[in-house]
Amino acid sequence: MKAVIAEKPSVAREIASLLGATEKKDGFLTGNGYYVTWALGHLVGLGMPEDYGLSGFQKAALPILPNPFLLTVRKVKKDKGYTSDAGALKQLKIIEQVINRCSSIIVATDAGREGELIFRYIYEYLKCTKPFERLWISSLTEKAIKQGFDNLKPGSEFDGLYHAAKGRSRADWLVGINASQALSIAAGSGIYSLGRVQTPTLALICKRYLDNKNFNVQLYWQIQLEHRKEFIDFKSLSKTKWNDKKQAEDVLKAIQRSGTASVTSIESKTVSEQPPLLFDLTGLQKEANKRLNFSAEETLNIAQSLYEKKFITYPRTGSKHIPEDMWPEITGLVRALNDRDSCKEAVSKMKWGRFNKRIVNDLKVTDHHGLLITDKIPSALPAKENAIYDMIALRLLEAISQACSKEITDVNVLVLHYDFTLKGCKILEPGWRAIKGNFSDEDTEPVQDLPELKKDDELKIKNAVALEKKTKPPVLYTEAGLLSAMETAGKEIENEEERKALQNIGIGTPATRAAIIETLFTRNYIQREKKALIPTEKGLQVYHLVKDKKIADVAMTAEWELALQKIENSEADAASFQKEMEVYATSITRELFSTSVNMGKLPEVVCPKCKNHQLIIRDKLVKCPDEACSWVQFRNICGVQLSVQDIEQLIRKGKTNLIKGMKSKSGKKFDAYIVLNEKAESSFEFENNEANK
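Residues numbered from 1 in each chain as written. Predicted model: local features only at pLDDT ≥ 70, side-chain atom pairs only at ≥ 80, totals over all residues. Heavy atoms only, no water.

## Looking at empty space enclosed by the protein
Phase 1 of the analysis: In the structure shown here, the tally under the stated rule is one cavity of 30 Å³ or more.
Phase 2 of the analysis: Here the largest cavity is characterised by a volume of approximately 70 Å³.
Phase 3 of the analysis: What lines the largest cavity is simply Val11, Ile15, Ala108, Thr109, Asp110, Ala111, Leu135, Ile137, Leu140 and Tyr307.
Phase 4 of the analysis: Residue composition of the lining of the largest cavity, grouped by class: eight nonpolar, one polar and one charged. (1 Å grid on protein atoms, 1.4 Å probe; cavity = no way out; pocket = protein on both sides within 12 Å on 5 of 7 lines; lining within 4 Å. Points joined across faces, edges and corners; volume = space filled by probe spheres on them. Nonpolar A, V, L, I, M, F, W, Y, C, P; charged D, E, K, R; others polar.)

Below you can see the structure in the form of structure tokens.
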């Protein structure tokens, strides 16, 4: 008998039906010589300080450097502590029983770093020694699963992947636990969270926010001319930018009197714009955030659902290419999209027999190839899944289309002794841009059609205006912008040698970046303002404290990602990496202890209900310490976080200032005051004084 361990029940059921293991039991399926069971995500993980006999935050105990690291069953929060998750305990027992009945194991957890770790931690925790093979697949279609079972790989082939996963897991523990406890102890009150990737990501957001906020906006003026020739209207813009409005207006008057412009040079060139490559996960998340305003986490969840429904290949990929042996399958996928209404028109524009092979590159395929659809075409999907599916399908069609050929014309004109420029663009061959009908990028200025122009042509000036413009601050990060910054963190490094070494290394991985951003929301370090990500008061406090410390250093985090990649490829030693992380955890702990921490004194306010005790102010709630009183006020009201000042005003005066931008259950925005009645119960009061609980 063989045991098959999948990552989720839904995947286990797919595999079991193909293997003929159709008899359902509690926690597994059996039949045809197989037992098929499943993990429920991370059933086993690294133990917490309490598992080493260290309760609470003790300065003398830091840094905590476990030797050996303990593995424990997943825990859930209960009352004031943590207890083992009953569901995890039960499933782990079932896995143990299944393994004991079998001679060998087939690992069918997700084919990636975290999937490998899920199985290996279970294997290690159960002290199992039975041989195991690896099912390595990129989609859950019947064909892919059958091929995978025909080509099972020895488990030892993935030792590098496991060592990298374990190294990442231990590094996050060493940095996260020690730095978070050290900062919380140094602060004296409150609990603060720092992390190996979380803190440099917070630093990126805070630095960009402060650069934007402190930017000194300068006004300047440019002159724009309107021309008309051969029934075509077009515009030119002055090369000169005037900082003095009067000077610009004087030049404008002189130009208006002149009335004509002279063409001094024309340069035309043909540009071949290659199609985009396939999506990797980060690329898909960026596009979905830009076009649909989906968060990175939401996009990942939608893509995971499409994968489990067998409509797309494995989404947690860092590659944009496919291997050579997959190329013959592409024609069938394109043909299959003819059955999908939203893709029919795009398929009709494809040049059959002339598909572009730019996406084929064996060397650039990592654990998984770029995101593809499968030959199973969905007929009906929820709206958001539909949108993401079409994004992936249309990107495939774009990627294998021909280049877009454009003629770009740069024209210089002279009025009096002032230079003006204009740009024209003519599409010669639409190529991949015909798929969606987008002929210019949203973030570039639209190009204009030009008439036939030649040197020394005289152009009449139909109209001339002075445009008031402003220098632009660095834009606040959206999730798409932040994902790009995390992906290309190495490019920001000032030291040239370091930058070259880390140029293609980011912080986090495609599979983890969404979770890191969500962690920053959970910790109340960042919030959304429309599409922008901005730090909260607490986030800025933490940033100001750590911005000059190693823990906020993007370059160092990128170096660790590079080290983990080398461990994965068996080019570096995992034990050396762990030693380095222990040294680092020790130094960051000392660094934080020696820092003078001022986290802002919290106001002392008395419980409005019992009037006897000073309230405890936490990130998520404000509460009376007396359990008999049990007064509590949550700080997140309809999507808006109440500031410490709001809380103080509510308790002292019984009413906050106007809280703007709250969202009702139906998604409508509203503004209201929050007020306390005689029983210290809070309710809304609208500007027309109509109170609603």
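Past the structure itself, the notes keep going.
## A closer look at the packing of aromatic side chains
Phase 1 of the analysis: One pass over the full model with this rule turns up 14 aromatic pairs.
Phase 2 of the analysis: Both rings, one in phenylalanine 119 and one in phenylalanine 132, keep their centres 5.1 Å apart while their planes meet at 65 degrees; by these two values the pair is edge-to-face. Taken together, the residues span a long stretch of sequence, with phenylalanine 119 in helix H3 (residues 113–125) and phenylalanine 132 in strand E10 (residues 132–134) at a distance of 13 residues.
Phase 3 of the analysis: Taking the centre distance of 6.3 Å and the plane angle of 50 degrees together, the rings of phenylalanine 684 and phenylalanine 686 count as tilted.
Phase 4 of the analysis: By the ring-pair criterion, three or more aromatic residues cluster together here, those being Tyr52, Phe69 and Trp173.
Phase 5 of the analysis: The ring of phenylalanine 158 has arginine 134 sitting right over it, with the charged end atom 5.9 Å from the ring centre.
Phase 6 of the analysis: Across the ring face of tyrosine 477, the terminal group of arginine 208 is positioned such that the distance to the ring centre comes to 4.3 Å. (Phe/Tyr/Trp six-rings, centres within 6.5 Å; stacked < 30°, edge-to-face > 60°. Helix = DSSP H or I, 4+ residues; strand = E, 2+ residues; numbered from the N terminus. Lys NZ or Arg CZ within 6 Å of the ring centre and 35° of its normal.)

## Comments concerning the packing of helix H11 (residues 341–348) against helix H12 (residues 383–399)
The relative placement of two packed helices is expressed as an angle between their axes plus a distance between the axes.
Phase 1 of the analysis: The geometry of H11 relative to H12 is characterised by a closest axis approach of 11 Å and an angle of 10 degrees between their N-to-C directions. Here H11 lies roughly parallel to H12, going by the angle between them. Mapping the contact onto sequence places Ser342, Cys343, Ala346 and Val347 in H11 and Asp390, Ala393, Leu394 and Leu397 in H12.
Phase 2 of the analysis: Classifying every residue of the contact of H11 with H12 gives six nonpolar, one polar and one charged. (Axes fitted to C-alpha atoms, helices over the stretch in contact; angles between N-to-C directions. Parallel < 35°, antiparallel > 145°, perpendicular 65-115°, else oblique. Contact = heavy atoms within 4.5 Å.)

## What to know about the sheet that holds strand E17 (residues 458–460)
Phase 1 of the analysis: Strand order in this open sheet of seven strands is E17-E14-E15-E16-E13-E12-E18, and the pairing throughout is antiparallel. Where the open sheet ends on each side, the last strands, each with one partner, are E17 and strand E18 (463–470). Direction aside, neighbouring strands of the sheet carry axes that sit 35 degrees apart on average.
Phase 2 of the analysis: Here strand E12 (residues 219–229) runs beside E18; their pairing, made up of eight bridges, is antiparallel. (Pairing = 2+ DSSP bridges.)

## Observations concerning the packing of helix H8 (residues 281–292) against helix H13 (residues 479–487)
Phase 1 of the analysis: Contact geometry of H8 with H13 gives a least axis separation of 8 Å together with a crossing angle of 155 degrees. It follows from the interaxial angle that H8 and H13 lie roughly antiparallel. Classified by chirality, the crossing of H13 by H8 is left-handed. Taking contact as the criterion, the partners of Thr282, Gln285, Lys286, Asn289 and Lys290 in H8 are, on H13, Glu479, Ala480, Leu483, Ser484 and Glu487.
Phase 2 of the analysis: Each residue belonging to the contact of H8 with H13 can be placed in one class, and the counts come to two nonpolar, four polar and four charged. (Left-handed = near helix turned anticlockwise from the far one by under 90°.)

## Section: the nonpolar core
Phase 1 of the analysis: Membership of the largest hydrophobic core comes to 91 residues, with the highest contact counts inside it found for Ile105 and Ile122.
Phase 2 of the analysis: Counting residues per element, this core draws most heavily on helix H5 (residues 159–187), which supplies 12 residues.
Phase 3 of the analysis: Apart from the residues lying within four places of it in its own chain, the contact partners of isoleucine 105 are Ala3, Ile5, Ile99, Phe119, Tyr123, Cys128, Lys130, Pro131, Phe132 and Glu133.
Phase 4 of the analysis: Of all hydrophobic cores here, the second largest spans 63 residues; its members include Trp38, Ile137, Phe294 and Val347. (Core = buried A, V, L, I, M, F, W, Y, C linked by side-chain atoms within 4.5 Å. Buried < 20%, exposed > 50% of the residue type's maximum accessible area, 1.4 Å probe, protein only.)

## Topic: the sheet that holds E10
Phase 1 of the analysis: The strand order E2-E3-E4-E1-E9-E10-E11 describes an open sheet built from seven strands, whose pairing is mixed. Since the sheet does not close on itself, it has two edges, and those belong to strand E2 (23–25) and strand E11 (153–154), each with one partner.
Phase 2 of the analysis: Sheet analysis places strand E1 (residues 2–6) next to strand E9 (residues 104–108), joined by five bridges and oriented parallel. Bridge pairing links isoleucine 5 to valine 107 in E9.

## Notes on the pattern of salt bridges
Phase 1 of the analysis: Scanning the entire structure with this criterion turns up 41 salt bridges.
Phase 2 of the analysis: Glutamate 114 is the salt-bridge partner of arginine 168, the closest N and O atoms lying 2.9 Å from each other. Placement of the pair is arginine 168 in helix H5 and glutamate 114 in helix H3, with a sequence separation of 54 residues.
Phase 3 of the analysis: For glutamate 114, a relative accessible area of 22% corresponds to the partly exposed category.
Phase 4 of the analysis: Shared partners join several salt bridges into a network, and the residues in it are Glu114, Arg168, Asp172, Arg196 and Glu561. (Salt bridge = Lys/Arg side-chain N within 4 Å of Asp/Glu carboxyl O.)

## Observations regarding a positive patch on the surface
Phase 1 of the analysis: On the surface, Lys77, Arg523, Arg618, Lys620 and Lys623 cluster together to form a positively charged patch.
Phase 2 of the analysis: Relative to the elements of secondary structure, arginine 618 occurs in the loop between strand E21 (616–617) and strand E22 (621–623). (Patch = residues over 30% accessible without salt bridge, like charges linked within 9 Å, V, L, I, M, F, W, Y side chains within 5 Å. Areas by Shrake-Rupley, 256 points an atom, 1.4 Å probe, with all protein chains shown as cover. Lys, Arg positive; Asp, Glu negative; His and termini not counted. Charge placed at Lys NZ, Arg CZ, Asp CG, Glu CD.)

## Side note on the environment of lysine 349
Phase 1 of the analysis: Along the chain, lysine 349 turns up in the loop between H11 and H12.
Phase 2 of the analysis: Given a relative accessible area of 34%, lysine 349 falls into the partly exposed group.
Phase 3 of the analysis: Lysine 349 sits 324 residues away from tyrosine 673 along the chain, and the two C-alpha atoms are 56 Å apart.
Phase 4 of the analysis: A distance of 2.8 Å separates a polar atom in the side chain of lysine 349 from the backbone oxygen of alanine 434. (Polar contact = N/O pair within 3.5 Å; in protein donor to acceptor, adjacent residues only side chain to side chain.)

## Quick look at the side chain of glutamate 487
Phase 1 of the analysis: Structurally, glutamate 487 is set in helix H13.
Phase 2 of the analysis: In this structure glutamate 487 comes out as buried when scored by relative accessible area, which is 18%.
Phase 3 of the analysis: At 2.9 Å, the side chain of glutamate 487 forms a polar contact with the side chain of lysine 286.
Phase 4 of the analysis: Sequence-distant contacts of glutamate 487, defined by excluding residues within four places in its chain, comprise Asp280, Thr282, Lys286, Ile505, Gly506 and Arg513.

## Topic: helix H10 (residues 327–336)
Phase 1 of the analysis: Among all positions of H10, only Trp327, Ile330, Leu333, Val334 and Ala336 are buried. Angular distribution of buried residues about the axis of H10 spans 155 degrees; they occupy a single face of the element.
Phase 2 of the analysis: Of the surrounding elements, those touching the buried residues of H10 are H11 and H12. (Arc of directions from axis to C-beta.)

## Focus on the state of the cysteines
Phase 1 of the analysis: Scanning all chains against the criterion turns up zero disulfides.
Phase 2 of the analysis: Between cysteine 128, a free cysteine, and cysteine 102, which holds the nearest cysteine sulfur, the sulfur-to-sulfur gap is 10 Å.
Phase 3 of the analysis: With no disulfide partner, cysteine 624 has as its closest neighbouring cysteine sulfur the one in cysteine 629, 3.8 Å distant.
Phase 4 of the analysis: Cysteine 624 sits in the buried class, given a relative accessible area of 5%. (Disulfide = S-S within 2.5 Å.)

## Here we look at unusual backbone geometry
Phase 1 of the analysis: A cis amide bond links leucine 62 with the next residue in sequence, proline 63, at an omega value of -5 degrees.
Phase 2 of the analysis: Summarising the element assignment, proline 63 is placed in the loop between strand E5 (44–46) and strand E6 (71–73).
Phase 3 of the analysis: Between asparagine 67 and the following residue, proline 68, the backbone shows a cis peptide bond with an omega angle of 0 degrees.
Phase 4 of the analysis: Its place among the elements puts proline 68 in the loop between E5 and E6.
Phase 5 of the analysis: A positive phi is found at aspartate 456, a non-glycine position, where the angle reads about 75 degrees.
Phase 6 of the analysis: Position of aspartate 456 among the secondary structure elements: in the loop between strand E16 (418–429) and E17.
Phase 7 of the analysis: For lysine 611, which is not a glycine, the phi torsion comes out positive at approximately 60 degrees.
Phase 8 of the analysis: With respect to the helices and strands, lysine 611 occurs in the loop between helix H18 (574–593) and E21.
Phase 9 of the analysis: Here lysine 611 falls in the exposed class, since its relative accessible area comes to 57%.

Geometric descriptors of this kind do not, in isolation, establish any biological role.
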